[in-house]
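# Remarks on the overall topology
In case you want the letters, here they are:
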Amino acid sequence: MKVIETIAEMQAHADTIRMGGGRIALVPTMGYLHAGHLSLAAIGGRHADNVVMSIFVNPAQFGPGEDLDAYPRNFERDRSMAADAGVDVIFAPPASEIYPDGYQTHVVLAELPGHLCGRSRPTHFRGVATVVTKLFNIVKPHVAVFGRKDYQQLLVVRRLVRDLNFDIRIIGGQIVREADGLAMSSRNAYLDPRRRHSALSLSRALEKAREMVRSGVADPARVIGAAEAEIRSCPDTVIDYIEIRDAETLGPVETIDRPALMALAVKVGKPRLIDNCILTP
Ligand code: AMP
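Moving on, we get to the overall build of the protein. Each helix and strand in the protein was counted, giving nine helices and nine strands. Since a compact globule built from 281 residues should have a radius of gyration of about 19 Å, the 19 Å found for the protein is in line with a globular shape. Expressed along its principal axes, the backbone C-alpha trace of the protein runs to roughly 55 × 40 × 40 Å. Taken over 281 residues, the protein has a buried fraction of 54%. In the protein, once contacts between residues fewer than 6 apart in sequence are set aside, the share between residues at least 24 apart is 71%. In the structure as shown, the protein presents an accessible area of about 12900 Å², 49% of it carried by carbon and sulfur atoms.

See below:
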């Protein structure tokens, strides 16, 4: 496995692969890898013969007061996990390589970032869209794989690829969970045992919602109320949002009469955790 830290070397390597007829899959991450990230690398490997995993804690997608400095990092551990998972190249640039002095160009979507996470993190998706655009131009992938755990991010990326005519296929990977239901996340590393227990209420709330909708409840307010009660019953939880939204546009849903997205964000002590599922009547 190669580790590349500069844009010039990454672009030259991508050109060499492409000139030899090879296909490139990009898996963007912020590192501190877990099985969710590795599942995306495995998907990439089924669509391309070269899997490039980027590891970059992107300052542009963190707001003031968020956990940029505290974000967990362990490059040596990531390197060995990625190698074991069959990743061909890690692209791990320093922040100064991606945002040199004088940097001033950003990619902004008009509507999708106005919902869900974008409300409490108003500059987050601008940072995501910008770095993803740059990674596309640096890694030159044929396909790129993103997790459904960050559902809104996946929609933003799909929209940006259509709007800016990137010739890249976007693939969404299923959410990988711990055995007890907790969605895997690098931020789970912040949870002490008591809060980790409280964090289980997120997946329990989603499961309860799925059961309600399966058994015929179509009123979003009732479903959200039950999910809220589940989460509020656990200590150290502060709900940012729990919403049921159109799974494509993130627009409002009056009645759950077709598959809809249920998404939530909850602070459990320090970390803000997100999770989601599709509710199917
Ligand atoms: P991150 O390192 O948290 O920015 O995540 C990098 C990529 O991994 C994103 O596309 C995430 O959606 C995806 N991802 C994170 N956690 C999971 C998970 N539990 N299951 C599947 N994909 C995930």
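Bringing the pairing of strand β5 (residues 143–147) into the picture now. For β5, a buried count of five out of five residues is recorded, marking the element as mostly surrounded by other parts of the structure. By the bridge criterion, two bridges tie strand β2 (residues 24–29) to β5 in an arrangement that is parallel. Residue pairing for β5: Leu 26 is matched across the bridge by Ala 144. The sheet contact formed by β5 and strand β6 (residues 169–173) spans five bridges and is parallel. Directly across from Phe 146, in β6, lies its bridge partner Gly 172.

Going through the model one piece at a time under the given rule, you end up with four aromatic pairs. A ring pair is formed by Phe 62 and Tyr 71, whose centres lie 5.9 Å apart and whose planes are at 80 degrees; its orientation type is edge-to-face. On the basis of relative accessibility, which here comes to 8%, the residue Phe 62 falls in the buried class. Since its relative accessible area comes to 7%, Tyr 71 is described here as buried. Plain terms: the ring middles of Phe 136 and Phe 166 are 5.2 Å apart, the flat faces sit at 70 degrees to each other, and that makes the pair edge-to-face. Remark: Phe 166 occurs in the loop between α7 (151–163) and β6 and Phe 136 occurs in helix α6 (residues 124–139); sequence separation between them is 30 residues.

This paragraph deals with the sheet that holds β2. Strands sit in the order β1-β4-β3-β2-β5-β6 across an open sheet of six strands; the sheet is parallel. Where the open sheet ends on each side, the last strands, each with one partner, are β1 (2–4) and β6. Mean inter-strand twist for the sheet, computed between neighbouring axes without regard to direction, equals 25 degrees. Where β2 and strand β3 (residues 50–55) come together, six bridges link them in parallel fashion. Across the sheet, residue Pro 28 finds its bridge partner in β3, namely Ser 54. The sheet strands contacting helix α3 (residues 75–84) are β1, β3 and β4 (89–91), and the helix crosses β4 at an angle near 150 degrees. Sitting on the sheet, α7 touches β5 and β6, and the angle it makes with β6 is about 170 degrees.

All told, the structure shown has zero disulfides when counted by the stated rule. Unpaired in terms of disulfides, Cys 234 finds its nearest cysteine sulfur in Cys 277, a separation of 17 Å. Summary of cysteine pairing: Cys 277 is not part of a disulfide, and the nearest cysteine sulfur, belonging to Cys 117, is at 15 Å. For Cys 277, a relative accessible area of 8% puts it in the buried group.

You can see Gln 152 is positioned in helix α7. Taking the relative accessible area as the measure of exposure, Gln 152 reaches 5% and is therefore buried. Of note is the side chain of Gln 152, whose polar atom sits 3.0 Å from the backbone nitrogen of Cys 117. Dropping the residues within four chain positions of it, Gln 152 is found in contact with Leu 112, Pro 113, His 115, Leu 116, Cys 117, Gly 118, Phe 125 and Leu 250.

Rules used throughout
Residues numbered from 1 in each chain as written. Predicted model: local features only at pLDDT ≥ 70, side-chain atom pairs only at ≥ 80, totals over all residues. Heavy atoms only, no water. Helix = DSSP H or I, 4+ residues; strand = E, 2+ residues; numbered from the N terminus. Rg over C-alpha atoms; globule rule 2.2 N^0.38 Å. Buried < 20%, exposed > 50% of the residue type's maximum accessible area, 1.4 Å probe, protein only. Contact = heavy atoms within 4.5 Å. Areas by Shrake-Rupley, 256 points an atom, 1.4 Å probe, with all protein chains shown as cover. Pairing = 2+ DSSP bridges. Phe/Tyr/Trp six-rings, centres within 6.5 Å; stacked < 30°, edge-to-face > 60°. Axes fitted to C-alpha atoms, helices over the stretch in contact; angles between N-to-C directions. Disulfide = S-S within 2.5 Å. Polar contact = N/O pair within 3.5 Å; in protein donor to acceptor, adjacent residues only side chain to side chain.

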